[in-house]
Amino acid sequence: MDRNSHHQFSTKAIHGGYDPKEHKDSLTPPIYQTSTFTFSTLEQGAKRFSGEEEGYVYSRLSNPTVAVLEERIAQLEDGEAALAFSSGMAAVSAALIGLTKSNDHILCSKGIYGCTFGLLQLLKNKYHIEYSFSDLSTTEEICSQIKENTACIYIETPINPTMRLIDLEKVTAIANEKGVKVVVDNTFSTPYLQKPISLGCDLVIHSGTKYIGGHGDVVAGVVVGSHDLIKTLKGTVQKDIGGVIAPFDAWLLLRGIKTLAVRMDRHSENAEKIALSLKKHSKIKNVYYPGDSDHPDYHIMKKQMRNGGGLLSFEIKGTYEDTVRFVNHLKLIPIAVSLGDAETLIQHPASMTHSVIPDEVRIKMGITNQLLRLSVGLEAWEDIWEDINTALKAI
Ligand SMILES: *Cc1c(COP(=O)(O)O)cnc(C)c1O
């Protein structure tokens, strides 16, 4: 389906970027499991290399299955082009390496994915690229944090695991004026819930491992943006660093994306019901869910997201030992990091995803020893709630 078609999100998620006629009438995109492509003549090979003739050369440069995925996700994010990677971190690192040079500065939202933080430290230690954090909440704050050498603003919203939000229009209005690129890791929201490019952002990143794949069976990443930015990332970063996605993994993402809208509706509905039930429970101290009208950033959610999404965090009213007891009494819900799968997953940020943060800093961020993060799955919500409610009785 052509990118200019009038069709809606759910339709584009199924047909976008694919025409069966171009692939021997195959209903689903074929998996082009090949490392290289043949040329009819030496002259044709030369033309493919010089770019004079369009066509495939070698699967690190491009592959037909991967190309369908890239076009589909670009359409869903309202971007001009996309580039798929072997993991979310390959996508994050390509974007940050592509946008910066030595002595530049990256301004980050307070709270970013742990390995993204690790990458920033690596860039600082090896290439003198500095970084700083800001809550990016007010115009004054954003203006004062942008420096002469700021190359980009790197944002996650919702922020993991506190679920605070950042007003993307507010940030991009200032950044666009100052010529600073805005990059959004949209993994938690997916384009179905939030479209950063249409709000003025330059690049969108996904860990395709999460909601885009949606079935907990693939590790992958994507970057979406303008033709120019994607061309730069493809030609100067991905080609030479090489974190490309395998054709089969691209196919798994294409299959996952077909049901993205349906899944996100169900994830969100379930999460909202679980959040409300947790809020009423006497053994729960705090619930952090952007779709809850008492959430401090509910107005931002209403402005830039379709709904509150499938992730929430909550704090047990009690000790760390009570928290352990509760989690260990869950029967249906597996204890695992990652998110966006059909299965509801629970994890303990203080000892898992956020364990590298020094204790005092972590507690100040609101990540207490009693905080748990839930990726609400696609099961019947009553069964998810029954599991939680029963396990809470163990406290
Ligand atoms: C998981 C995740 C990543 C990293 O993605 P991988 O596919 O695990 O490399 C980056 N950002 C966010 C928000 C994530 O949840």
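Quantities reported herein were computed from a predicted structural model and do not represent experimental measurements.

## Considering the sheet that holds strand S11 (residues 371-375)
Then, number 1: The strand order across the open sheet built from four strands is S8-S9-S11-S10, with neighbouring strands paired in antiparallel fashion. For this open sheet the edge positions go to strand S8 (284-288) and strand S10 (345-347), each flanked by a neighbour on one side alone. This sheet shows a mean twist of 25 degrees between the axes of neighbouring strands, independent of strand direction.
Then, number 2: Packing against the sheet, helix H11 (residues 260-280) makes contact with S8, strand S9 (311-316) and S11, and its axis sits at approximately 15 degrees to S9.
Then, number 3: Contacts from helix H13 (residues 320-328) reach S9, S10 and S11, with the element oriented near 130 degrees to S9.

## Considering the sheet that holds strand S5 (residues 181-185)
Then, number 1: Across the sheet, which stays open at both edges, the seven strands sit in the order S1-S7-S6-S5-S4-S2-S3 with mixed pairing between neighbours. A strand with exactly one partner marks an edge of an open sheet, and here the two such strands are strand S1 (81-85) and strand S3 (130-134). The sheet shows a mean angle of 20 degrees between the axes of neighbouring strands, direction not considered.
Then, number 2: Here strand S2 (residues 105-109) pairs with strand S4 (residues 150-156) via four bridges, running parallel. Looking at S4, one finds that Ile-106 is bridged to Cys-152.
Then, number 3: On top of the sheet, helix H4 (residues 88-99) reaches S1, S2, S4, S5, strand S6 (203-207) and strand S7 (221-225); it is set at about 155 degrees to S6, its chief contact.

## Points about the domain arrangement of the protein
Then, number 1: Split by domain assignment, the protein resolves into domain 1 (9-257) and domain 2 (261-392).
Then, number 2: Placing a centre on the C-alpha atoms of domain 1 and another on those of domain 2 gives a separation of 27 Å.
Then, number 3: The interface of domain 1 with domain 2 comprises 32 residues on the first partner and 35 residues on the second.
Then, number 4: Between domain 1 and domain 2 lies a buried interface of about 2900 Å² when both sides are counted; carbon and sulfur atoms form 58% of it.
Then, number 5: Summed over the three residues of domain 1 that lose the most area to domain 2, namely Tyr-192, Leu-193 and Tyr-211, the buried surface amounts to 27% of that side.
Then, number 6: In this assembly, domain 1 and domain 2 are joined by three salt bridges.
Then, number 7: One salt bridge in this structure joins Asp-297 and Arg-164, with 2.7 Å as the shortest N-O distance.
Then, number 8: In this structure, the connection of domain 1 to domain 2 is made through 16 residue pairs in polar contact (both at pLDDT 80 or more).
Then, number 9: Counting residues per element, the side of domain 1 that touches domain 2 draws most heavily on helix H8 (residues 190-193), at three residues.

## Some remarks on the packing of H4 against helix H9 (residues 227-241)
Then, number 1: At a closest axis distance of 10 Å, the pairing of H4 and H9 adopts a crossing angle of 110 degrees. Put simply, H4 runs roughly perpendicular to H9. In terms of crossing hand, the pair formed by H4 and H9 is right-handed. Contacts between H4 and H9 pair Ala-94, Ala-95, Ile-97, Gly-98 and Leu-99 from the former with Leu-229, Leu-233, Val-237 and Ile-241 from the latter.
Then, number 2: In terms of residue class, the contact of H4 with H9 is made up of eight nonpolar, one polar and no charged.

## Quick notes on the side chain of Asn-270
Then, number 1: You can see Asn-270 is positioned in helix H11.
Then, number 2: Non-local contacts of Asn-270, meaning those with residues more than four positions away in its chain, are made with Val-376, Gly-377, Leu-378, Glu-379, Trp-381 and Ile-384.

## Topic: the site of the ligand
Then, number 1: Close to the ligand lie 13 residues, the nearest being Gly-88, Asp-185, Ser-207, Thr-209 and Lys-210.
Then, number 2: Backbone polar atom of Met-89 to an oxygen atom of the ligand: 2.9 Å apart, as the coordinates give it.
Then, number 3: Here the residues of the shell around the ligand are counted per class, giving five nonpolar, five polar and three charged.

## Some details on the pairing of S3
Across a regular strand the side chains alternate sides, sitting on one face of the sheet and then on the other.
Then, number 1: Of the strand pairs in this sheet, S2 and S3 are connected by five bridges, and their pairing is parallel. Paired with Ile-106 across the strands is Tyr-131, a residue of S3.
Then, number 2: Considered for its hand, the β-α-β crossover made up of S2, helix H5 (residues 114-127) and S3 is right-handed.

## Observations concerning the packing of aromatic side chains
Two measures describe an aromatic ring pair: the distance that separates the ring centres and the angle between the ring planes.
Then, number 1: Scanning the entire structure with this criterion turns up eight aromatic pairs.
Then, number 2: Where Phe-117 meets Tyr-131, the ring centres are 5.9 Å apart and the plane angle is 80 degrees; that geometry is what we call edge-to-face. Taken as a pair, Phe-117 in helix H5 and Tyr-131 in strand S3 lie far apart in primary sequence, 14 residues in all.
Then, number 3: For Phe-117, a relative accessible area of 28% corresponds to the partly exposed category.
Then, number 4: Through a chain of ring-to-ring contacts, the aromatic side chains of Phe-117, Tyr-131 and Phe-133 assemble into a single cluster.
Then, number 5: The lysine or arginine in question, Arg-306, covers the ring of Tyr-192, its NZ or CZ lying 3.8 Å from the ring centre.

So, how was this worked out
- Residues numbered from 1 in each chain as written.
- Predicted model: local features only at pLDDT ≥ 70, side-chain atom pairs only at ≥ 80, totals over all residues.
- Heavy atoms only, no water.
- Pairing = 2+ DSSP bridges.
- Helix = DSSP H or I, 4+ residues; strand = E, 2+ residues; numbered from the N terminus.
- Axes fitted to C-alpha atoms, helices over the stretch in contact; angles between N-to-C directions.
- Contact = heavy atoms within 4.5 Å.
- Domains from an automatic or database assignment.
- Buried area = accessible area lost by both parts, 1.4 Å probe.
- Salt bridge = Lys/Arg side-chain N within 4 Å of Asp/Glu carboxyl O.
- Polar contact = N/O pair within 3.5 Å; in protein donor to acceptor, adjacent residues only side chain to side chain.
- Parallel < 35°, antiparallel > 145°, perpendicular 65-115°, else oblique.
- Left-handed = near helix turned anticlockwise from the far one by under 90°.
- Nonpolar A, V, L, I, M, F, W, Y, C, P; charged D, E, K, R; others polar.
- Near = heavy atom within 4 Å.
- Right-handed = clockwise from strand over helix to strand, strands pointing away.
- Phe/Tyr/Trp six-rings, centres within 6.5 Å; stacked < 30°, edge-to-face > 60°.
- Buried < 20%, exposed > 50% of the residue type's maximum accessible area, 1.4 Å probe, protein only.
- Lys NZ or Arg CZ within 6 Å of the ring centre and 35° of its normal.

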